[in-house]
Amino acid sequence: MPEIAAPAIIKPRRPNILARMFRTLRLPVNDPFAVAGLLIYLVFIATAVFADQITTHDPTEILYTPSYDLAADLRPGQDGFIMGTTSLGRDIFSQLVYGSRSALLIGVTAAFMVALIGSIIGLVAGYFGRLVDAVLMRLADIAFGIPFLPFVIVLAAFLQPSIWNVVIAMALVLWRDTARVIRSQVLTLRTRGYVEAARVAGSSDFKIIVRHIAPNILPLSFLYGSIAIGWAILTEASISFLGFGDPDSISWGYMLQDAFASQALAKQAYYWFVPPGICIILVVSAGFFITRGYENILFPKLNR
Amino acid sequence: MTEPLLSVRDLRVSYQVGRSFVHAVDGASFDIPKGSITGLVGESGCGKTTVARALTRVIADNAAITGGEILFEGRDLAKLPEREMNALRWRDIAFVPQSAMNSLDPVYTVEYQLGEVLRRRGGMDRRQARKRSEELFEMVGIDANRLNDYPHQFSGGMRQRVAIALALALNPKLIIADEPVTALDVIVQRQILDQLKELQVRLGLSVILVTHDISVVAYICDRTVVMYAGKVAESGTMQAALTAPSHPYTMGLRNAFPDLQGAASGVLTPIEGAPPNLANPPAGCRFKPRCPFALDVCGSEPPVVDVAPDHPVLCHRARESAALRIEAAKTETWMARA
Amino acid sequence: MTNFKAVGSRLLQLALVLWAVVTILFLMFRLMPGNPMAAYIDPTFTLEQQQQLMAQFGLDKPLWQQYLIYLGNLLQGELGQSFRYREPVGERIWTLLPNTLVLTFSSLIIAYAFGILAGAYLAWRRGSFIEQAAIPAVLTTRAMPEFWLGMVLLAIFSFSLGWFPAGGTRAPGAEYSGFLDLYTSRDFLSHLILPAATLAIYSQGLPLLLMRSNMLDVMKEDFVTMARIKGLSNWTVVVRHAARNALLPVMTSFAIAVGYQLQGNVVVESVFSWPGLGRELVNAVAASDYPLAQGAFLMIALVVILMNLLADLLYAVLDPRVSHA
């Protein structure tokens, strides 16, 4: 069996860590939609980073017109407000720009937590099997039985409303999907020749996991992480919309709640509540497009 | 020889792969007489399954019949309008697939699937279809009370019988069986082949049996067509192919398979190497790279030589076949090449 | 025999999940910082009155006793008293559940009918311009926040065009004699259309994408090729064989989608002031009405868990390979 001998003979090459990481992650740069998704991400990241430079006003400041009236419900372009103002006299454009910060912050942290917890649980369950597996998979069953959004609402409401509590609540439930997939992947990896060989050769479990299994599940973790970014942003928007969000941060969900509560629908203030929704759609679908590009790489059968 | 039921003339079938074309069948000609079993034999990838499917004109999305004629009762199937071709499918030409497991729809009972053909293609009503289904099951030796079972409830051999029953449903003139017993164990293989032969004789059917296993051909066929790399290497009666194989490839195949009767005829000798890549076939005789008798002349296109009446061979050295046969019987001949 | 065993272990798993969710719920609501009664204790209450109120809701006992009482009550279907409405939680939930179910099922049935047909169509037209354009469009509908879609529909069709009412289930002052009378009235249906459309637009993506990819897989199966060789009509091949097989996993996903939808309802019901379980949960949480929030949560969880079970059973019933093993 040549597979057994191979790892012993071929010395693993170690190019610089960054190049290795990119290769391991296998970014889908050949799929036009995935590239579009990556570009959208770049634009939003740039917006979030340079928010202070881009915005025209403090997003929470109550503004006045040159004639010292409250700058409330101004239409786009009026008195120099690019996208108009809210009913309380705040600049919509600046809120939208700052919204990208909380969206990215929550999206990335939640996705990271979900992917990390899910991957570790899936890895441990799949690798060690038996009782560990049984217990962890029953936990996953339980997590599947918890209605996600209600759970996040209750937790976010009872702990103090903050971005982090939303992230924690999401991580507590959403790890289940990642864990199940990673587990089954690990189960198949475990039977591969080189893993068997490493075990026979006396490598420790830790070494086998780090050397042979983790690199192979990394793209899958990344895939589920990028799905979770979208989920996290949508969830945060829902929570904020329902009024359980972080009152101190401007998010797109908060803007929509503000608009809804301020009768923006009846006032026909489309300029107020349409842009935050579009931003959410853009970022979330960018995640989906990247995900799809990924699936085409990981599961080429879907290609045709 | 009387007028054949089916006459394939210079058939060409190509697949489009990316921007290039693979000529899976590259000018194949052979006849299928009425009331006989013809074995279409060759290694996997030689184009035999493509030929079989081309006869039904249900081929892969990326494949097309690019030339030649398929004359069936005086009509050229290659050029028949789709509507007329469809009218002819299963009523005149039926098919027994390799894996009955995958070719029976898992969500319908066997009776439904027989009934579907009998009613939609045979114009029967529900009662007639039921009666005919029972009759068909009896013909292939399955108890009629199993008609209501689903495909997965049958064993492999039974499923293959069901597939034969399906093929017989509308009394076709020609049955194409594509590796009908390959997936089965040897004992079941024989049972199914015996059954097929018995039905063929009783019903006077014409059968094309596609197989890679020349011993299956030897066991039940009357005639054989040997294909290699998209071309017909040799065709003729079984008698001719068994006693006087005249293409080196046929001689090699004879050495490579055990007898289905179980009589071990000495050592099995495989033909070294693999069939050529059809995207880029070798010039001249396509068997040349693996042929122990290849000469320089084999680098040019080989002629079709009639070594006997009704026995064409595609080989430069066909005339010397008697001498080559003696050499080919020796194991060393095939070893030396490797 | 194995079937009984499988069903048995599945039921055991169901019981475990239910118990775990119930316990998590208990801990969530009892271990929260602050006095759960704080919002309902009038500052003018004497200490004695406060304690009396606490005792009335069983909050003066140690935690483990509260847990046992809670489990016992649940087993008897007793969900406690709503702080806010001063009425049994169970009754309140039973009056709201039908509204939620009507909204959920009407939207999902539309979503599945459309998604299955469109998915099969797109599989059939694989590689065409329409397919290339439709897939990103469908993914985009999955990327929409449901409540935002509801807001946009509301702004256009209710506030701008005035075609549909802005919220609730019935015109002010309208009275109906019973469920059937209400649910079949024009009034109710006009209230239902916008929220149902919102949920349906969001939900059609799942069956559509699932159906499409299943169809693409099934179309490559031997039995589909055989159906063509049999000379069966295109319709028979595509619908009776390919679609019938591709439909199996889509149908089982329906049950799972019901569970997801109930969660999505939480926001959409709030947008349309739809008096359902989700909106009640949000209101109860906002008003610190713990028993009611707990009851609504439990009801939603119960439906989610039962639907997961139903998905398994449905698969077993619909797939002869499982049902006729």
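Higher on the page you've got the structure.
Residues numbered from 1 in each chain as written. Chains lettered and ligands numbered in written order. Predicted model: local features only at pLDDT ≥ 70, side-chain atom pairs only at ≥ 80, totals over all residues. Heavy atoms only, no water.

Undergrad: How would you summarise the overall build of chain A if you had to cite specific residues and measurements?
TA: Helix and strand counts for chain A stand at 12 helices and 0 strands. Starting at the N terminus and ending at the C terminus, chain A contains elements arranged as α-α-α-α-α-α-α-α-α-α-α-α. Looking at chain A as a whole, 52% of its 304 residues are labelled buried. Long-range pairs, those at least 24 residues apart, make up 72% of the contacts in chain A with a sequence separation of at least 6. Carbon and sulfur atoms provide 66% of the accessible area of chain A, an area that totals close to 14,200 Å². (Helix = DSSP H or I, 4+ residues; strand = E, 2+ residues; numbered from the N terminus. Buried < 20%, exposed > 50% of the residue type's maximum accessible area, 1.4 Å probe, protein only. Contact = heavy atoms within 4.5 Å. Areas by Shrake-Rupley, 256 points an atom, 1.4 Å probe, with all protein chains shown as cover.)

Undergrad: Can you tell me about the interface of chain C and chain A, naming the residues and giving the values?
TA: Taken together, the contacts link 49 residues of chain C with 45 residues of chain A. Here chain C and chain A share an interface that buries about 4,200 Å² over both sides, 80% of which is from carbon and sulfur atoms. It is Phe147, Trp148 and Met151 of chain C in chain C that bury the most area against chain A; as a group they hold 14% of the surface buried on that side. Where chain C packs against chain A, one counts 0 salt bridges. Across the contact surface, chain C and chain A share 4 residue pairs in polar contact (both at pLDDT 80 or more). Only α1 (2-30), α5 (129-143), α6 (146-160), α9 (205-219), α11 (234-271), α12 (277-286) and α13 (290-318) of chain C provide two or more residues apiece to the side of chain C that touches chain A. Examining the composition of the side of chain C that touches chain A, we find that 9 residues originate from one element, α6 of chain C, more than from any other. Among the residues forming the side of chain C that touches chain A, the class breakdown is 38 nonpolar, 7 polar and 4 charged. (Buried area = accessible area lost by both parts, 1.4 Å probe. Salt bridge = Lys/Arg side-chain N within 4 Å of Asp/Glu carboxyl O. Polar contact = N/O pair within 3.5 Å; in protein donor to acceptor, adjacent residues only side chain to side chain. Nonpolar A, V, L, I, M, F, W, Y, C, P; charged D, E, K, R; others polar.)

Undergrad: Describe in detail the packing of helix α3 (residues 32-49) of chain A against helix α5 (residues 92-128) of chain A, supporting the description with residues and values.
TA: Residues and elements named next belong to chain A. The interhelical angle for the contact between α3 and α5, taken along N-to-C directions, is 110°, at an axis separation of 8 Å. Looking at the two axes, α3 sits roughly perpendicular to α5. α5 is crossed by α3, and the crossing has left-handed handedness. Contacts from Phe44, Ile45, Thr47, Ala48 and Val49 of α3 reach α5 at Val97, Ser100, Arg101 and Leu104. For the contact of α3 with α5, the residue count by class is 6 nonpolar, 2 polar and 1 charged. (Axes fitted to C-alpha atoms, helices over the stretch in contact; angles between N-to-C directions. Parallel < 35°, antiparallel > 145°, perpendicular 65-115°, else oblique. Left-handed = near helix turned anticlockwise from the far one by under 90°.)

Undergrad: Run through the interface of chain C and chain B, naming residues and quoting values.
TA: At the junction of the two partners, chain C supplies 20 residues and chain B supplies 25 residues. Across the chain C to chain B interface the summed buried area is about 2,200 Å²; carbon plus sulfur atoms make up 61%. When the buried area of chain C at its contact with chain B is split by residue, Met226, Ile229 and Lys230 of chain C rank highest and sum to 29% of it. Joining chain C to chain B, the criterion identifies 0 salt bridges.

Undergrad: Report on the sheet that holds strand β4 (residues 63-72) of chain B, specifying residues and quantitative values.
TA: Residue and element names in this part refer to chain B. Across the sheet, 4 strands lie side by side as β2-β1-β4-β5; this open sheet has antiparallel pairing. Strands with a single pairing partner mark the edges of an open sheet, and in this sheet they are β2 (20-32) and β5 (75-76). Here strand β1 (residues 6-17) pairs with β2 via 10 bridges, running antiparallel. The residue bridging Arg12 from the neighbouring strand is Asp26, located in β2. Helix-sheet contacts for helix α1 (residues 48-56) involve β1, β2 and β4, and the interaxial angle to β1 is about 105°. (Pairing = 2+ DSSP bridges.)

Undergrad: Pulling in residues and values, what's your account of the packing of aromatic side chains?
TA: Summed over the entire model, instances satisfying the criterion amount to 17 aromatic pairs over all chains. Between Tyr228 of chain B and Phe287 of chain B, the ring centres sit 5.0 Å apart and the planes meet at 80°, which makes this aromatic pair edge-to-face. Of this pair, Tyr228 of chain B sits in strand β9 (residues 223-228) while Phe287 of chain B sits in the loop between α10 (248-256) and β11 (304-308); the two residues are 59 residues apart in sequence, bridging distant segments of the chain. Each member of the pair, Tyr228 of chain B as well as Phe287 of chain B, carries the same accessibility label: buried. Relative to Trp124 of chain C, the ring of Tyr121 of chain C has its centre 6.0 Å away and its plane inclined at 65°; by these criteria the two rings are edge-to-face. In this pair, Tyr121 of chain C and Trp124 of chain C both sit in helix α4 (residues 89-124), 3 residues apart, roughly one turn of the helix. Using a relative accessible area of 33% as the deciding quantity, one classes Tyr121 of chain C as partly exposed. On the accessibility criterion, Trp124 of chain C (52% relative accessible area) is exposed. Connected via pairs of aromatic rings, a cluster forms that spans Phe148 and Trp231 of chain A together with Tyr260 of chain C. When the ring centre of Tyr108 of chain B is taken as origin, the NZ or CZ atom of Arg244 of chain C, which lies over that ring, is 5.9 Å away. (Phe/Tyr/Trp six-rings, centres within 6.5 Å; stacked < 30°, edge-to-face > 60°. Lys NZ or Arg CZ within 6 Å of the ring centre and 35° of its normal.)

Undergrad: Any chance you could break down the side chain of Asp26 of chain B for me, citing the residues and the numbers?
TA: Turning to its location among the elements, Asp26 of chain B is positioned in strand β2. Each residue touching Asp26 of chain B, except ones within four places of it in the same chain, is listed here: Leu11, Arg12, Gly230, Lys231 and Arg286 of chain B.

Undergrad: Run through the state of the cysteines, naming residues and quoting values.
TA: All names here are of chain B. Evaluated as defined, the whole model comprises 0 disulfides over all chains. Here Cys46 stays free of any disulfide, with the sulfur of Cys285 as its closest cysteine sulfur at 14 Å. Unpaired in terms of disulfides, Cys221 finds its nearest cysteine sulfur in Cys46, a separation of 14 Å. (Disulfide = S-S within 2.5 Å.)

Undergrad: Outline the pattern of salt bridges, listing residues and values.
TA: Residue and element names in this part refer to chain B. For the structure shown, the criterion picks out 29 salt bridges over all chains. One salt bridge connects Asp31 with Arg9, and the closest N-O pair in it is separated by 2.8 Å. One end of the pair, Asp31, is in strand β2; the other, Arg9, is in strand β1, and 22 residues separate them in sequence. Residue Glu111 is joined to Arg130 by a salt bridge in which the shortest nitrogen-to-oxygen separation is 2.9 Å. In this pair, Glu111 is assigned in helix α4 (residues 110-121) and Arg130 in helix α5 (residues 126-139), connecting sequence segments 19 residues apart. By sharing partners, the salt bridges in this structure join Asp10, Arg12, Asp26 and Arg286 into a single network.

Undergrad: Go over a nonpolar patch on the surface, please, and point to the residues and values.
TA: All names here are of chain A. The grouping of Leu105, Phe112, Met113, Leu116, Ile117, Ile120, Trp164, Ile168 and Leu172 at the surface amounts to a nonpolar patch, some 820 Å² of accessible area in total. When contributions to the nonpolar patch are tallied by element, the ones reaching two or more residues are α5 and α8 (163-190). When you line up the elements, Ile120 lands in helix α5. A residue is classified by how much of its surface remains accessible, and Ile120, at 46% relative accessible area, is partly exposed. (Patch = residues over 30% accessible without salt bridge, like charges linked within 9 Å, V, L, I, M, F, W, Y side chains within 5 Å.)

Undergrad: Describe in detail the nonpolar core, supporting the description with residues and values.
TA: By size, the foremost hydrophobic cluster in this structure holds 170 residues, and its most contacted members are Ile153, Trp252 and Phe273 of chain A together with Phe147, Met215 and Phe297 of chain C. Looking at this core, you find at least three residues from each of domain 1 (2-75) and domain 2 (95-323) of chain C. Contact partners of Ile153 of chain A, with chain neighbours within four places excluded, come to Ile239, Leu242 and Phe244 of chain A together with Val266, Val282 and Val285 of chain C. In terms of nonpolar packing, the next biggest core, distinct from the first, is built from 99 residues, Ala52, Leu77, Phe137 and Val162 of chain B among them. (Core = buried A, V, L, I, M, F, W, Y, C linked by side-chain atoms within 4.5 Å. Domains from an automatic or database assignment.)

Undergrad: An account of unusual backbone geometry is needed here, citing residue identities and associated values.
TA: Residue and element names in this part refer to chain B. Despite not being glycine, Asp10 shows a phi value in the positive range, around 50°. For Asp10, the position within the fold is in strand β1. Take Asp10: its relative accessible area is 35%, and that puts it in the partly exposed class. Positive phi values are uncommon outside glycine, yet Asp310 reaches one of about 60°. Looking at where Asp310 falls in the secondary structure, it is placed in the loop between β11 and β12 (311-314).

Undergrad: Mind laying out helix α11 (residues 252-261) of chain A, listing which residues take part and the relevant values?
TA: Residues and elements named next belong to chain A. A large share of α11 lies buried, amounting to 7 of its 10 residues. Trp252, Gly253, Tyr254, Met255, Leu256, Asp258 and Ala259 are the residues of α11 that are buried. One or two residues past the end of α11 sits Gln263, with phi positive at roughly 65°.

Undergrad: Explain the pairing of strand β7 (residues 174-178) of chain B residue by residue, including any values.
TA: All names here are of chain B. With respect to burial, β7 is a largely interior element, 5 of its 5 residues being buried. Here β7 shows two buried faces, one formed by Leu174, Ile176 and Asp178 and the other by Ile175 and Ala177. The pairing of strand β6 (residues 93-96) with β7 spans 4 bridges and is classified as parallel. Bridged to Val96 within β7 is Ala177. Regarding the hand of the β-α-β motif, the stretch spanning β7, helix α7 (residues 186-203) and strand β8 (residues 206-211) is right-handed. (Right-handed = clockwise from strand over helix to strand, strands pointing away.)

Honestly, that's just the spatial picture; any functional story needs more than this.
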